[in-house]
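One-letter residues, chain by chain:
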Amino acid sequence: MTKLGVGVVGVGVLGRRHAENLQKMGEANLVAVADSNAARAAQVAAELGVGHHCTGVEALAARKDVQAIVIASPSRFHAEAVRVAAQAGKHVFCEKPLALSMEDAEKALAAVDKAGVQLQMGFMRRYDPAYIRARRRIEAGEIGEPIIFKSTGRDKLLPPLGFLRDGVNGTIFVDSTIHEFDLARWLMQDEVAELQVYARPLRGPDLGGFEDLEACLVNLRFAGGAIGNVESLRQCQYGYDIHTEIVGTKGTVRIGYLRQTAELVLSASGAVSDVVDHWLARFADAYWTEMQDFVHTLLRGGRVAITGEDGRRALACALAAQRSYEQARPVAV
Ligand SMILES: NC(=O)c1ccc[n+]([C@@H]2O[C@H](COP(=O)([O-])OP(=O)(O)OC[C@H]3O[C@@H](n4cnc5c(N)ncnc54)[C@H](O)[C@@H]3O)[C@@H](O)[C@H]2O)c1
């Protein structure tokens, strides 16, 4: 059987999971892992039994036995890594966000176009079975015309300070809310035309002068006239809580799985709830299926499902949200 030779760059929390999944996947040959922390690259290679390790995307891109590169380094490095991989003729799977600025996103996409390689974005919620079923119901007209989109993403605890410091992974909008923006586009099958943000600054941790936000609410107006509201919260204490609702003219579909109790107190001290602790647990199947789909699609010469254009449009929403926050007014996307 022909296998797809893959390299993973950035083998921290998520990159390690992608590497692990690729290592288990019959159709993939995980050739090498790269991490700017050489000891981390060596450790992950040893733990997963990967033959080669190196410290950057350039070394992966130089390998003839690598046909595709998975990028899971901090967000600041995504766009440049996409360019290096594409210029070497490698297909790319890039974690969100595509870039931290539209200019960098455009440069990365131009390199992908020029090289004629494929780029898939890591919007894994589109591979979650509940989200897939919801989208099918909407497409089948079960809820009529979608008119309201609501989506919430709450992390249990702040990520490690190194993840937030100096804005290496961008603000909450490009790091977290971007998932809701992608879902909004995908489930409503429409573009966000305008948005307005209310947000609370993140106080306390030393982020090296970078100003991040603890929580945000973003009101949305879609091009086709629907409306919406999304929330991101950096730490809710009780668990990793993701839920989404699409209200239509004939019905509503909800995705998310808190128990249907009349009164529910959610706290770190153990009130009843069925939320999970971490995104690696909630979306374990989705991370597996997205990578399997990426590998299968490339092997059979198909087109990837979630494109660089999807990455660019979700990023445009996230950066518009940042402007709305800074200027305290509604802004066009
Ligand atoms: N789709 C999702 O659900 C999801 C979830 C978590 C993280 N992410 C994205 O994945 C990326 C990584 O997140 P994480 O939580 O694994 O972070 P992490 O900090 O745990 O891992 C990042 C790794 O990259 C390495 N690194 C730093 N700079 C590098 C460079 N220039 N080249 C190569 N390696 C470098 C670090 O040493 C570290 O091992 C981020 O962009 C984040 O937004 C996506």
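Residues numbered from 1 in each chain as written. Predicted model: local features only at pLDDT ≥ 70, side-chain atom pairs only at ≥ 80, totals over all residues. Heavy atoms only, no water.

Enquirer: So what exactly am I meant to see when it comes to the sheet that holds strand E12 (residues 252–255) here?
Expert: Sheet strands pair by backbone hydrogen bonding; their relative direction is either parallel or antiparallel. Reading across the sheet, the 7 strands line up as E12-E11-E7-E10-E9-E8-E13 and stay open at both edges, with mixed pairing between neighbours. Of all strands in the sheet, those bounded by a partner on one side alone are E12 and strand E13 (331–332). The pairing of strand E9 (residues 213–222) with strand E10 (residues 227–233) spans 7 bridges and is antiparallel. Paired with Leu220 across the bridge in E10 is Gly228. (Pairing = 2+ DSSP bridges. Helix = DSSP H or I, 4+ residues; strand = E, 2+ residues; numbered from the N terminus.)

Enquirer: I would appreciate a short explanation of the site of the ligand in the present structure.
Expert: In the vicinity of the ligand lie 25 residues, with Leu14, Asp35, Ser75, Glu95 and Tyr287 positioned nearest. Gly12 is positioned such that a nitrogen or oxygen atom in its backbone is 3.5 Å from an oxygen atom of the ligand. At 2.8 Å, a side-chain N or O of Glu95 approaches a nitrogen atom of the ligand. Its free accessible area being 850 Å², the ligand has 84% of it covered by the protein chains. (Near = heavy atom within 4 Å. Polar contact = N/O pair within 3.5 Å; in protein donor to acceptor, adjacent residues only side chain to side chain. Areas by Shrake-Rupley, 256 points an atom, 1.4 Å probe, with all protein chains shown as cover.)

Enquirer: Even after reading the chapter, I still don't get the state of the cysteines, so can you show me in this structure?
Expert: Note on terminology: a disulfide is the covalent bond linking the sulfur atoms of two cysteines. All told, the structure shown has 0 disulfides when counted by the stated rule. Left unpaired, Cys216 is separated from the closest cysteine sulfur, that of Cys317, by 13 Å. (Disulfide = S-S within 2.5 Å.)

Enquirer: Help me understand helix H11 (residues 308–327) in this model?
Expert: One turn of the α-helix equals 3.6 residues, which is why residues spaced by three or four share an orientation. Between its terminal C-alpha atoms H11 stretches 28 Å, which fits the 28 Å expected from 20 residues at 1.5 Å a residue. Burial within H11 is extensive, with 14 of its 20 residues counted as buried. Of the residues flanking the end of H11, it is Ala328, one or two places downstream, whose phi is positive at about 50°. (Expected span 1.5 Å × (residues − 1). Buried < 20%, exposed > 50% of the residue type's maximum accessible area, 1.4 Å probe, protein only.)

Enquirer: Explanation requested: the side chain of Asp241 in the structure shown.
Expert: Topologically, Asp241 is positioned in strand E11 (residues 241–248). Here His243 takes part through its side chain, which lies 3.0 Å from a polar atom of the side chain of Asp241.

Enquirer: Before we go on, may I ask you to explain unusual backbone geometry in this structure?
Expert: Residues apart from glycine generally show negative phi values, whereas peptide bonds are mostly found in trans. Across the junction of Lys96 and Pro97, the peptide omega takes the value -10°, indicating a cis bond. As for its placement among the helices and strands, Pro97 is situated in the loop between strand E5 (91–94) and helix H5 (102–115). Positive phi, close to 60°, is recorded for Asp166, a residue that is not glycine. Along the chain, Asp166 turns up in the loop between helix H7 (161–164) and helix H8 (172–188). In this model, Gln237 sits at a positive phi of 75°, which is unusual for a non-glycine residue. Among the structural elements, Gln237 can be located in the loop between E10 and E11. Residue Gln237 is classed as partly exposed on the basis of its relative accessible area, which comes to 34%.

Enquirer: Where do I start with the packing of helix H1 (residues 13–24) against helix H10 (residues 284–299) in this structure?
Expert: How two helices sit against one another is set out by the angle between their axes and by the gap between those axes. Here H1 crosses H10 at 60°, and the two axes come no closer than 10 Å. When the axis of H1 is compared with that of H10, the two are oblique. The two elements H1 and H10 cross, and the hand of that crossing is right-handed. Every residue of H10 that contacts H1 at Leu14, Arg17, His18, Asn21, Leu22 and Lys24 is listed here: Ala284, Tyr287, Trp288, Glu290, Met291 and Val295. (Axes fitted to C-alpha atoms, helices over the stretch in contact; angles between N-to-C directions. Parallel < 35°, antiparallel > 145°, perpendicular 65-115°, else oblique. Left-handed = near helix turned anticlockwise from the far one by under 90°. Contact = heavy atoms within 4.5 Å.)

Enquirer: Explain the environment of Asn37 to me, please; I cannot follow it from the model alone.
Expert: You can see Asn37 is positioned in the loop between strand E2 (28–34) and helix H2 (38–48). Taking relative accessible area as the criterion, Asn37 reaches 42% and is therefore assigned partly exposed. Between the C-alpha atoms of Asn37 and Gly12, which are 25 residues apart in sequence, the distance is 9.6 Å.

Enquirer: I keep staring at the packing of aromatic side chains and nothing clicks. Help me out?
Expert: Ring pairs (aromatic) are described by centroid distance and by the angle formed between their planes. The tally for this structure, following the rule as stated, stands at 4 aromatic pairs. With 5.5 Å between their ring centres and 70° between their planes, Phe93 and Phe294 make a pair best called edge-to-face. Residue Phe93 is found in strand E5, and its partner Phe294 is found in helix H10; the two are separated by 201 residues along the sequence. Residue Phe93 shares its accessibility class with Phe294, and that shared class is buried. Relative to Tyr287, the ring of Trp279 lies with its centre 6.5 Å away and its plane at 70°, an arrangement referred to as edge-to-face. When its relative accessible area of 3% is taken as the criterion, Tyr287 is described as buried. (Phe/Tyr/Trp six-rings, centres within 6.5 Å; stacked < 30°, edge-to-face > 60°.)

Keep in mind that these numbers describe shape and distance, not what the molecule does.
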